[in-house]
Amino acid sequence: MADEMMLAGKPKSQFYKLPFEKNTRILRLNVLESNTELRAGNRPYYMVERKVLSFKKGVLTIRVKLENEPPVKVYLKVEYDHLLVSCNIDTDENYLGRYAYRTLRAMLWNEFHDFEEYYWPECFNEATGKSKYLEVICDRYGVDIRLKKEFKGFFRPDDYFLHISERKVLERELVTDSFKTLNQEYLIGYCLANTDPVRFHSNHYPFLIPYSFTLNVDNKTVKSFTGFLFEEDDSFEQSELSVNQIELNSICYEMKKIARIQFREYGDSDERSHEIDDLNFKNKRKIFELFNKALPMLSREPFTHYLFTYGMRNIQKRPMKKDMQVARFSVEVPSLNFLLSDKGDYYELKLRFKVKGKIFNFCADRNAMFFICSSLNPTVWYLLECETDSRVVLFFSRKNFKIQIPKGYYKEHFEPYVDEIKRQYELEIR
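Sequence order sets the numbering: in each chain, residues are counted from 1 along the sequence as written. Confidence filtering applies because this is a predicted model: local features only for residues at pLDDT of at least 70, side-chain atom pairs given and counted only at 80 or more, and all residues used for totals across whole chains, interfaces and linings. Side-chain figures throughout are based on the complete set of non-hydrogen atoms in the structure, without hydrogens or water.

Trainee: Would you mind showing me how to read unusual backbone geometry here?
Mentor: Most peptide bonds take the trans form, and the phi angle of most residues other than glycine is negative. One non-glycine residue with positive phi stands out, namely Asn23, at about 60°. Note on exposure labels: buried denotes an accessible area under 20% of the residue type's maximum, exposed denotes more than 50%, and partly exposed covers the range between, all computed with a 1.4 Å probe on protein chains only. The class for Asn23 is exposed, based on a relative accessible area of 60%. Backbone geometry at Asn400 places phi at a positive 60°, although glycine is not the residue there. We count a stretch as a helix when DSSP gives it H or I for four or more residues in a row; a strand needs E for two or more, and each element gets its number in order from the N terminus. As for its position among the elements, Asn400 is in the loop between helix 5 (387-397) and strand 24 (402-406). In this structure Asn400 comes out as partly exposed when scored by relative accessible area, which is 37%.

Shown next, in the form of structure tokens:
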């Protein structure tokens, strides 16, 4: 028979067990008080001095002092669906003692407490008590538990994982090489305008916007940008533009009209909120379709740039040269590729992409929703195959394109996600 796990110097089986609300790490007041006849009075969070001493092997040790009494230690361990609690005085598996109760009652000042921040299963070495995944800082302000930088994508049971819906791949027009010419009197280029879609009140989806510029004497590089071109007040002659530019401008103007993301306002009804969500998704899907249509034309243009706008409000008459980054738009179709690796005591699921059979890593800070680029050449942008792919890339980009899953709960809590990925994408196992 295997030795029983010891927590804070006593067997795990001798801790009192309190169930969480289903599918959460939330302990409710009614659950706590149904497990004891003790009560804390009208102001339960007063007269209880608490100081966090440590967080080792997943056990939170708290120094607790009640009024006119010597201090004691209370121990909390967060499990998948219940809280284990004990103290160095009286609490055991059959009895919730006064110190443990008063400590928890003070934490449940709002009639509940979410213990998710202390839930780190399979993260601590039993021999050393240390964690390769976490940085734990205990000071006078309490305990700060954070993932180490290299484990930004760490997955715990019941953490959110993107549902990968059926992929609707749009047909893409084949492009043949064509000679690129410049009209020296009407110099026009095209810019991919992008921003963080969840950061500012004037956010927008990525869209294309034409601009006018002047050339340096080498006729190959931009001397200065003279202005963005807007449908309502363009100061150039349509007759001087190529057929390609006329059609591309039309797509640009159509994109800009629907690019702004709509936000919910305080007090909006559920019906209004659903309308906003539906409109945003409809516009997003339409813009992707327009990009798919525009890409063959965009790839023929000799001057193309990328701009991080920090919001639609910054799309003014004249782009700043220091912000405009040279960009090239490839007509090659990228396909998402996953790699599942055995890293010893955990698995790592990494997202990459393929172009013409060659594997590339993503450029971590260059993601324009529908467009991606590689760390090897961040000036070349590739349009994803479908809108679903853009959601997958966005999800993984927030985790540095890697997710780590300890082996102890991989099969039960993460393998179903890997099976879902295999149905939609290429998965390599190493």
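Trainee: Help me understand helix 4 (residues 270-298), please; the structure alone is not making it clear to me.
Mentor: The α-helix winds at 3.6 residues per turn, so residues separated by three or four positions along the chain end up facing the same way. Taking 1.5 Å of rise per residue, the 29 residues of helix 4 would be expected to cover 42 Å, and the 40 Å separating its terminal C-alpha atoms lies within 8% of that figure. At Asn292, helix 4 shows its maximal kink, close to 30°; a proline, Pro296, follows between one and four residues later. Helix span, expected: 1.5 Å multiplied by one less than the number of residues in the helix. The angle separating two fitted axes, one through the seven residues that finish at a residue and one through the seven that start at it, defines the bend at that residue.

Trainee: Mind showing me how you'd approach the nonpolar core here?
Mentor: If you look at soluble globular proteins, the nonpolar side chains tend to sit buried side by side. Residues belong to one nonpolar core when they are buried, are Ala, Val, Leu, Ile, Met, Phe, Trp, Tyr or Cys, and are joined through side-chain atoms within 4.5 Å. Ranked by size, the top nonpolar core spans 74 residues in total, and within it Leu76, Leu104, Phe115 and Phe396 carry the most contacts. For this core, the element with the highest residue contribution is helix 2 (residues 98-107), accounting for six residues. Any two residues having at least one pair of non-hydrogen atoms within 4.5 Å are treated as being in contact. Excluding anything up to four places from it in sequence, Phe396 contacts Phe161, Phe338, Leu349, Leu351, Phe401, Lys402 and Ile403. One finds Cys252, Met297, Tyr306 and Leu383 within the second-largest nonpolar core, a separate group that totals 51 residues.

Trainee: I tried to follow the pattern of salt bridges on my own but got confused; where do I start?
Mentor: Opposite charge on two side chains permits pairing when their charged atoms draw close. Any Lys or Arg side-chain nitrogen located within 4 Å of an Asp or Glu carboxyl oxygen qualifies as a salt bridge. Throughout the structure, instances matching the rule amount to 27 salt bridges. In this structure, the salt-bridge partner of Glu79 is Lys77, at a minimum N-O distance of 2.7 Å. Of the residues examined, Glu79 reaches a relative accessible area of 14% and is grouped as buried. Among the salt bridges present, the one from Lys132 reaches Asp345, with a minimum N-O distance of 3.2 Å. In this pair, Lys132 is assigned in the loop between strand 9 (112-114) and strand 10 (134-139) and Asp345 in the loop between strand 18 (335-342) and strand 19 (346-355), connecting sequence segments 213 residues apart.

Trainee: Would you explain the sheet that holds strand 3 (residues 16-19) in this entry?
Mentor: At least two bridges found by DSSP between two strands is the condition for calling them paired. Ordered in space as 3-8-7-6-5, the five strands form an open sheet in which the pairing is antiparallel. Looking along the sheet, the strands with just one partner apiece sit at the ends: strand 3 and strand 5 (48-56). In this sheet, neighbouring strand axes are inclined to one another by 25° on average, regardless of whether the strands run parallel or antiparallel. Relative to strand 6 (residues 59-66), strand 5 is paired through eight bridges, and the arrangement is antiparallel. Note on geometry: axes are C-alpha line fits, over the in-contact stretch for helices, and angles between N-to-C directions span 0 to 180 degrees.

Trainee: Would you take a moment to explain the sheet that holds strand 12 (residues 188-194) for this structure?
Mentor: What holds strands together in a sheet is hydrogen bonding between their backbones, with the strands either parallel or antiparallel. In space, the five strands of this open sheet follow the order 14-13-12-15-16, with mixed pairing throughout. The two strands at the open ends of the sheet, each matched to only one other strand, are strand 14 (222-228) and strand 16 (325-326). Where strand 15 (residues 304-308) lies against strand 16, two bridges are found, and the strand directions are antiparallel. Within the sheet, the bridge partner assigned to Tyr306 lies in strand 16 and is Gln325. Here helix 3 (residues 243-259) sits on the sheet in contact with strand 12 and strand 13 (207-215), set at roughly 130° to strand 13. Across the sheet, helix 4 is in contact with strand 12, strand 13 and strand 15; its angle to strand 13 comes to roughly 20°.

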